[in-house]
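What follows is the residue order along each chain.
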Amino acid sequence: MKNISVIGSGTMGNGIAHVFAQFGYQVNLIDINKDALEKAINTIGKNLDRQVTKGTITEVQKAETIKNITVLTDMQLGVANADFIVEAATENLDLKLKIFKDLDAFAKPEAILASNTSSISITKIASVTNRGAKVIGMHFMNPVPVMKLVEVIRGYATSNETTATIMDLSKKLEKAPVEVNDYPGFVANRILMPMINEAIYTLYENVAGVEEIDTVMKLGMAHPMGPLQLADFIGLDVCLAILRVLHDGFGNPKYAPCPLLINMVTAGNKGIKSGEGFYNYSEGVKEAKVAAKFSI
């Protein structure tokens, strides 16, 4: 594999493009929004600057990484010569199905198609293509340039060859791939989201405050970040979407999202991306303060 296309230039998409480009792959970063692409390149540049400052890469390597990325708004043109395509669009089933139907039509027959979805069924995504054996999940963790884990998700029709190829590709990016099967939430979010949801319920029922809950999990369980702060980083809308996938997929009430989470997302408080979630980020992430009182 030499030519990589990444669909979507948001937080995950630009991080995925960054990593592939840093390891010498030619990357087409594709988004329908020109402003989003410009923002993505600026973000990649800043993240590379941090790596230079830390001494993990050189200025020459930074320049080569940027040079390896081409931005496009035309998906058909951007994927025509791709050996491997990663979709990193919004966590919305209908949107992903539309993208994969188009990718199947535009990409060469031998190209592997992957989704960076954190919870949506790879089997369902593959069902709109004529290449089910070549559709797979490649779930990177955020921030992509830093986090080592990649969940490699096998859909019902995903072939052994495709799985082996993506496991090997992940290792070439110096990631640690873990093969999992295609069930709601896979492994990471099936375990993480109920914990976050229970933390929100603990707040909602006025058992303890935001800082108290996060402190217990950080100091008592050795978590680097409390669950409420982590939810803000992930995006409360994303957490809600994943919980709904789990709830719908298993039909188990233990996955039902907390009413407080639903209300916060409905009100537009989505965490860092909106400037307020369980914490207020108006003065920056490092100066975040508890946003408000939360209880029944």
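On a predicted model such as this, the values are computed, not experimentally measured, just so you know.

## A few points about the pattern of salt bridges
Thinking step 1. Overall, the coordinates contain nine salt bridges when judged by the stated rule.
Thinking step 2. Of the charged contacts, one joins E87 and K96 as a salt bridge, the two residues approaching to 2.4 Å between their closest N and O atoms.
Thinking step 3. Assessed through its relative accessible area of 1%, K96 is described here as buried.
Thinking step 4. Each of the salt bridges in this network shares a partner with another, and the network as a whole consists of E87, E91 and K96.

## Regarding the UniProt feature "domain: 3-hydroxyacyl-CoA dehydrogenase C-terminal" (unreviewed entry) in the protein
Thinking step 1. Sequence positions flagged by UniProt for "domain: 3-hydroxyacyl-CoA dehydrogenase C-terminal" (unreviewed entry) are, in local numbering, residues 185-281.
Thinking step 2. As annotated, residues 185-281 comprises 62% helix and 2% strand, and the C-alpha atoms at either end are separated by 28 Å.

## Structural notes on the packing of helix 8 (residues 188-204) against helix 9 (residues 210-221)
Thinking step 1. Running from N to C, helix 8 and helix 9 cross one another at 140 degrees; their axes reach a closest spacing of 9 Å. One way to sum up the angle between helix 8 and helix 9 is to call them oblique. In the crossing of helix 8 with helix 9, the sense of the turn from one axis to the other is right-handed. Seen from helix 8, the contacting residues are M195, A199, T202 and L203; seen from helix 9, they are V210, I213 and M217.

## Section: the packing of aromatic side chains
Thinking step 1. Under the defined criterion, the tally for this structure stands at five aromatic pairs.
Thinking step 2. Each ring, one from F20 and one from Y25, has its centre 5.5 Å from the other, and the planes form 80 degrees; the classification is edge-to-face.
Thinking step 3. For F20, a relative accessible area of 0% gives the class buried.
Thinking step 4. On the basis of relative accessibility, which here comes to 9%, the residue Y25 falls in the buried class.
Thinking step 5. Here a set of aromatic residues connected by ring pairs shows up, and it is made of F20, Y25 and F84.

## With respect to helix 1 (residues 11-22)
Thinking step 1. Helix length check: helix 1 (twelve residues) gives 17 Å between terminal C-alpha atoms against 16 Å at 1.5 Å per residue, within 8%.
Thinking step 2. The element helix 1 is extensively covered by neighbouring structure, given that ten of its twelve residues are classed as buried.
Thinking step 3. The set of residues buried in helix 1 consists of M12, G13, N14, G15, I16, A17, H18, V19, F20 and A21.
Thinking step 4. Count one or two residues on from helix 1 and you reach G24, which has phi positive near 90 degrees.

## Looking at the sheet that holds strand 1 (residues 3-7)
Thinking step 1. Taken in spatial order, the eight strands of this open sheet run 3-2-1-4-5-6-7-8, and their pairing is mixed. The open sheet has two edge strands, strand 3 (69-72) and strand 8 (176-181), and neither has a second partner. Across this sheet, the average inter-strand angle for adjacent strands is 25 degrees, counted without regard to direction.
Thinking step 2. For strand 4 (residues 84-87) and strand 5 (residues 112-115), the ladder comprises four bridges, and the chain directions are parallel. Bridge pairing in strand 5 links E87 to S115.

## Focus: the nonpolar core
Thinking step 1. By size, the foremost hydrophobic cluster in this structure holds 33 residues, and its most contacted members are I16, F20, V27, F84, M138, F140 and I166.
Thinking step 2. The element best represented in this core is helix 1, accounting for six residues.
Thinking step 3. Those residues in contact with I16 that lie beyond four places of it in its chain are V6, V86, A88, N116, F140 and V144.
Thinking step 4. V210, L240, L246 and M264 belong to the second-largest nonpolar core, a separate cluster that totals 25 residues.

## Things to note about the layout of surface pockets
Thinking step 1. If you add up the space inside the second largest pocket, you get close to 300 Å³.
Thinking step 2. Surrounding the second largest pocket, 16 residues form its lining, L93, I120, S121, K124 and V245 being those nearest its centre.
Thinking step 3. Within the residue set of the lining of the second largest pocket, elements represented by two or more residues are helix 5 (93-106) and helix 11 (236-250).
Thinking step 4. Per-element tally for the lining of the second largest pocket: the top contributor is helix 11, with four residues.
Thinking step 5. Classifying every residue of the lining of the second largest pocket by side-chain character gives seven nonpolar, four polar and five charged.

## Concerning the UniProt feature "domain: 3-hydroxyacyl-CoA dehydrogenase NAD binding" (unreviewed entry) in the protein
Thinking step 1. The feature "domain: 3-hydroxyacyl-CoA dehydrogenase NAD binding" (unreviewed entry), as given by UniProt, occupies residues 4-182 in the numbering adopted here.
Thinking step 2. Within residues 4-182, the helical portion is 44% and the strand portion 22%, while the C-alpha atoms at the span's ends are 24 Å from each other.

## Describing a positive patch on the surface
Thinking step 1. Together, K46, R50, K54 and K286 give the surface a local cluster of positive charge.
Thinking step 2. Assessed through its relative accessible area of 48%, R50 is described here as partly exposed.

## Digging into helix 5
Thinking step 1. The end-to-end C-alpha distance of helix 5, which contains 14 residues, comes to 20 Å, matching closely the 20 Å that a straight helix rising 1.5 Å per residue would cover.
Thinking step 2. Three or more residues of helix 5 are buried, namely K96, L97, I99, F100, D102, L103 and D104.
Thinking step 3. Residues of helix 5 that are buried make contact with strand 1, helix 4 (75-79), strand 4, strand 5, helix 6 (122-126) and strand 6 (135-140).
Thinking step 4. The N-cap residue of helix 5 is N92: its side-chain oxygen and the backbone nitrogen of D94 are 3.1 Å apart.

So, how was this worked out
- Residues numbered from 1 in each chain as written.
- Predicted model: local features only at pLDDT ≥ 70, side-chain atom pairs only at ≥ 80, totals over all residues.
- Heavy atoms only, no water.
- Salt bridge = Lys/Arg side-chain N within 4 Å of Asp/Glu carboxyl O.
- Buried < 20%, exposed > 50% of the residue type's maximum accessible area, 1.4 Å probe, protein only.
- UniProt positions renumbered as here; feature names shortened; annotations may be inferred.
- Helix = DSSP H or I, 4+ residues; strand = E, 2+ residues; numbered from the N terminus.
- Axes fitted to C-alpha atoms, helices over the stretch in contact; angles between N-to-C directions.
- Parallel < 35°, antiparallel > 145°, perpendicular 65-115°, else oblique.
- Left-handed = near helix turned anticlockwise from the far one by under 90°.
- Contact = heavy atoms within 4.5 Å.
- Phe/Tyr/Trp six-rings, centres within 6.5 Å; stacked < 30°, edge-to-face > 60°.
- Expected span 1.5 Å × (residues − 1).
- Pairing = 2+ DSSP bridges.
- Core = buried A, V, L, I, M, F, W, Y, C linked by side-chain atoms within 4.5 Å.
- 1 Å grid on protein atoms, 1.4 Å probe; cavity = no way out; pocket = protein on both sides within 12 Å on 5 of 7 lines; lining within 4 Å.
- Points joined across faces, edges and corners; volume = space filled by probe spheres on them.
- Nonpolar A, V, L, I, M, F, W, Y, C, P; charged D, E, K, R; others polar.
- Patch = residues over 30% accessible without salt bridge, like charges linked within 9 Å, V, L, I, M, F, W, Y side chains within 5 Å.
- Areas by Shrake-Rupley, 256 points an atom, 1.4 Å probe, with all protein chains shown as cover.
- Lys, Arg positive; Asp, Glu negative; His and termini not counted.
- Charge placed at Lys NZ, Arg CZ, Asp CG, Glu CD.
- Polar contact = N/O pair within 3.5 Å; in protein donor to acceptor, adjacent residues only side chain to side chain.

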